[in-house]
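Tertiary structure, described
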Amino acid sequence: MRRESEAPLVSARDLTKRYALRAGVFGHGQSFAAVDGVSFDVLRGETLGLVGESGSGKSTTGRLVLRLEEPTGGRVLFEGDDWLALSGRELRRRRRDLQIVFQDPQTSLNPRMTCGAQVAEPLSVQGLARGRDLRERVVSLLEEVGLSAETARRFPSEISGGQRQRVAIARALATRPKFVVCDEPVSSLDVSVAAQVLNLLAELREKSHLSYLFISHDLAVVSRVSDRIAVMYLGRIVEEGSAAAIVARPLHPYTAALLSAAPETDPALRRARIALSGEPPSPASPPTGCAFHPRCPIARPRCRLEAPPLAPSFEGRMVACFFPGELVPGSR
Amino acid sequence: MRDLRVEVSIGGRLAPAVNGVDFDLAAGESVAVVGESGCGKTLLARALLGLGPDSARVSGSIRVGGHELVGASAEEWRCVRGRQISLVFQEPASAFDPVVTVGAQIVEAVRAHRKVGRSEARRIAIERLRETGFPDPQRGMTEYPHRLSGGLKQRAFLAMALASDPAVLVADEPTTALDATVAAQVLELLDRLRLDRGLALLLITHDLGTVATHADRVIVMYAGRVVEESTAADLFRAPRHPYTRGLLASLPRLSVRTSSASRRFDAISGVVPDLASRPARMCSFAPRCPERFDPCDLEEPALYPAGESTARCFLYDPRLRS
């Protein structure tokens, strides 16, 4: 539960990213919002899970927070400082505090650099270590993520997918960041390897008091690793609350449908599935009113006309729905 | 399928990527083959369609409706593919020609195996699109593949695969590229096709969650071998092989976390051995196995009966029961 006295490590306020539509005869000057007014806080040592399907804007949100892309609007505060107002030089210096781990280490690692050189790079760029000290730091980072010192001499193509993701994590941890965005960190890994990497992330978090923004399409994974969860649909957060509360009782019908679509291998616990019709709409042509209404099993006329704001509900939770809690997994 | 082996060339020598697989598939039945990358499940699926790397050598027996397919000529395979066995896979986009309408491609698939006129083929194509849940089949006919959403593309792929009423459908990771809510729709469609048409479904997947709800029987593969075969219900109620148990334990489940302890997954240690460095003359799972004991290092276990299932593990070897 959140304590009032604790200032958030990272705050996003009204983050918005608009992309221009390709200029055509009719598309001239038009744009659409991939991320549309997203706000959240991440406390020290906390993991916030960001879950949604493709096109929900979850990955873009992660990139905006790190300023890998410039937002069109909104603010990001890091330890109370306006992260978006930092000058280029100041931004480079403070980047060491914020890092990212991507989905596919195959593409996020440089195939022509040894694993050791890639872990060393952020340290030398930031001027944090050099020479013998640098080599020793690289070895201890590799060992910290469960790799042998010998891995430093290998190229990414010479090691397995799980080992590559460990190298990417070692690289992200090299500068001792306070906040790490994990963007689908295990989605390209086999189940047994994914479990190992998730365990590693949890260990590192406890040891170094890290905060994570954990982005995934997989609600089951998110529910296991997160303290709080924010559910995104078409560029907006539609529900936010503690992981336990969201799994036990989803308030937004989309969350309820996602929960019911999550695989459950125990036949005794299997929920009745809430079938959603259709597919997520394109952010370039969002529906009127509530963006979810064309797929929503409990939509009413009002939902077509008006977009429900993300508003406080009970138990300190936030939900963007006129009829929160009405659709329950297993109720149909 | 009996004692099917697919050997692929690695560094100049042949190595068995699929090593002696047996199974039966009945009309209307759904059998899932599960395993992680490198277990041989995709090669197995391709062998069933006579598709595979040129260097691969297939031996053993594949019989469909009484016809032996191992050793069949390219011409015979062309008759079998589409007519008796069809394939859908993860990336429907790569199954279509991007510059030809969906309708024209399904019509072509219909006419490849049947002597029917254009208008009759068109009628069948529209019927298939309707059957696979296209909201507006007439219009679907005129769409180009890239204009369709991921879910509709997969439905169109299914419509094309069903063009000439095959008896067997091999679905290789059919929903892996789809969002959760859309994947659920496609899996339900596969269930319905099975019921309505008596289609036999071989579901190749890495996703145990899919298996739990959409398969009758399950074959678990590890390093080219079947390590467990069981009904879907038994597999999840009482997994026998230590690898199956490990897979189930490492599966992320929805959970209401109460302490930091449950943040941990019970991961299987180590990694899948690659084809070139598989342990020979011993259980290939032994190096990662929590139950490893003396016999595991001495020879490879056979498939032994284990409850209602069979498992390739010395824990169930009747000779070792005291």
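Look up: the structure comes first, before these words.
Now for a quick tour of the structure. (Residues numbered from 1 in each chain as written. Chains lettered and ligands numbered in written order. Predicted model: local features only at pLDDT ≥ 70, side-chain atom pairs only at ≥ 80, totals over all residues.)

So, about the overall build of chain B. The helix and strand tally for chain B stands at 10 helices and 13 strands. Computed over its C-alpha atoms, the radius of gyration of chain B comes to 21 Å, within 12% of the 20 Å expected for a compact globule of 322 residues. Overall, the C-alpha framework of chain B stretches about 70 × 55 × 35 Å when taken along its three principal axes. For chain B, with 322 residues in total, the buried portion stands at 47%. Sequence separation of at least 24 residues holds for 61% of the intrachain contacts in chain B that already meet a minimum separation of 6. (Helix = DSSP H or I, 4+ residues; strand = E, 2+ residues; numbered from the N terminus. Rg over C-alpha atoms; globule rule 2.2 N^0.38 Å. Buried ≥ 20, exposed ≤ 12 C-beta atoms within 10 Å, placed from the backbone. Contact = placed C-beta atoms within 7 Å.)

Moving on: the sheet that holds strand 1 (residues 2-10) of chain B. Residue and element names in this part refer to chain B. In space, the 3 strands of this open sheet follow the order 2-1-4, with antiparallel pairing throughout. The open sheet is flanked by strand 2 (13-21) and strand 4 (57-61), the only strands paired with a single partner. When strand polarity is set aside, the average angle formed by the axes of neighbouring strands in this sheet is 15 degrees. Pairing analysis gives 4 bridges linking strand 1 to strand 4, with the strands arranged antiparallel. Bridge assignment links V6 to a residue of strand 4, and that residue is V58. (Pairing = 2+ DSSP bridges. Axes fitted to C-alpha atoms, helices over the stretch in contact; angles between N-to-C directions.)

What follows deals with the pairing of strand 9 (residues 228-233) of chain A. Residue and element names in this part refer to chain A. Among the 6 residues in strand 9, 6 count as buried, and that is most of the element. The alternating pattern of strand 9 places R228, A230 and M232 and I229, V231 and Y233 on opposite faces, both of which are buried. Where strand 3 (residues 47-51) and strand 9 come together, 4 bridges link them in parallel fashion. Bridged to L50 within strand 9 is A230. Pairing of strand 9 with strand 10 (residues 236-242), which is carried by 6 bridges, proceeds in the antiparallel orientation. From the neighbouring strand, I229 faces strand 10, where its bridge partner is G241. Connecting the antiparallel pair strand 9 and strand 10 is a turn made up of 2 residues, with L234 showing a positive phi of about 50 degrees.

Residues and elements named next belong to chain A. On the basis of which strands lie adjacent, the open sheet formed by 8 strands has the order 6-7-8-3-9-10-12-11 and mixed pairing. Single-partner strands in this sheet number two, and they are strand 6 (98-101) and strand 11 (311-312). Inspection of the sheet shows strand 10 paired to strand 12 (residues 318-319) by 2 bridges, in the antiparallel sense. Note that in strand 12 the partner of E240 across the bridge is M318. Set on the sheet, helix 1 (residues 58-65) makes contact with strand 3, strand 7 (179-183), strand 8 (211-216) and strand 9; between it and strand 8 the angle comes to about 150 degrees. In the packing of helix 6 (residues 161-173) onto the sheet, the strands contacted are strand 6 and strand 7, and the crossing angle to strand 6 comes to about 175 degrees.

So, about helix 7 (residues 191-208) of chain A. Taking 1.5 Å as the rise per residue, helix 7 of chain A with 18 residues should run 26 Å; its terminal C-alpha atoms sit 26 Å apart, in good agreement. Where the residues of helix 7 of chain A are buried, they touch strand 3, helix 6, strand 7, strand 8 and helix 8 (219-225) of chain A together with helix 10 (242-250) of chain B. Among the residues trailing helix 7 of chain A, H209 of chain A stands out with phi positive, at a value near 50 degrees. (Expected span 1.5 Å × (residues − 1).)

It is worth spelling out the interface of chain A and chain B at this point. Taken residue by residue, the interface counts 39 residues in chain A and 34 residues in chain B. When residues of the side of chain A that touches chain B are traced back to their parent elements, those giving at least two are helix 7, helix 8, helix 9 (243-248) and helix 10 (253-261) of chain A. When grouped by side-chain class, the residues that make up the side of chain A that touches chain B number 22 nonpolar, 9 polar and 8 charged. (Nonpolar A, V, L, I, M, F, W, Y, C, P; charged D, E, K, R; others polar.)

What follows is about the pairing of strand 10 (residues 217-222) of chain B. All names here are of chain B. Most of strand 10 is tucked away: 6 of the 6 residues are buried. Neither face of strand 10 is exposed, since R217, I219 and M221 on one face and V218, V220 and Y222 on the opposite face are all buried. Where strand 3 (residues 30-34) meets strand 10, 4 bridges bridge the pair, whose relative direction is parallel. Note on strand 10: the bridge partner recorded for V31 is R217. One ladder, built from 6 bridges, connects strand 10 with strand 11 (residues 225-231); its direction is antiparallel. Directly across from M221, in strand 11, lies its bridge partner V226. Following strand 10, the chain reverses through 2 residues before pairing antiparallel with strand 11; A223 in that reversal takes a positive phi of roughly 50 degrees.

When you line up the elements, R245 of chain B lands in helix 10. Spatially, the C-alpha atoms of R245 of chain B and D196 of chain B are 34 Å apart, while their sequence positions differ by 49 residues.

Residue and element names in this part refer to chain A. By the burial criterion, the buried members of helix 4 (residues 115-125) are C115, G116, Q118, V119, A120 and L123. Packing partners of the buried residues in helix 4 comprise helix 5 (131-144) and helix 6. G127 sits one or two residues past helix 4 and shows a positive phi near 65 degrees.

Another point: unusual backbone geometry. A negative phi angle is the norm for most residues apart from glycine, just as the trans form is the norm for most peptide bonds. Of note in the backbone geometry, R176 of chain A takes a positive phi value of approximately 50 degrees without being a glycine. The exposure class of R176 of chain A is partly exposed, given the 13 C-beta atoms found within 10 Å. The phi torsion at A223 of chain B lies on the positive side, around 50 degrees, for a residue other than glycine. Positionally, A223 of chain B belongs in the loop between strand 10 and strand 11.

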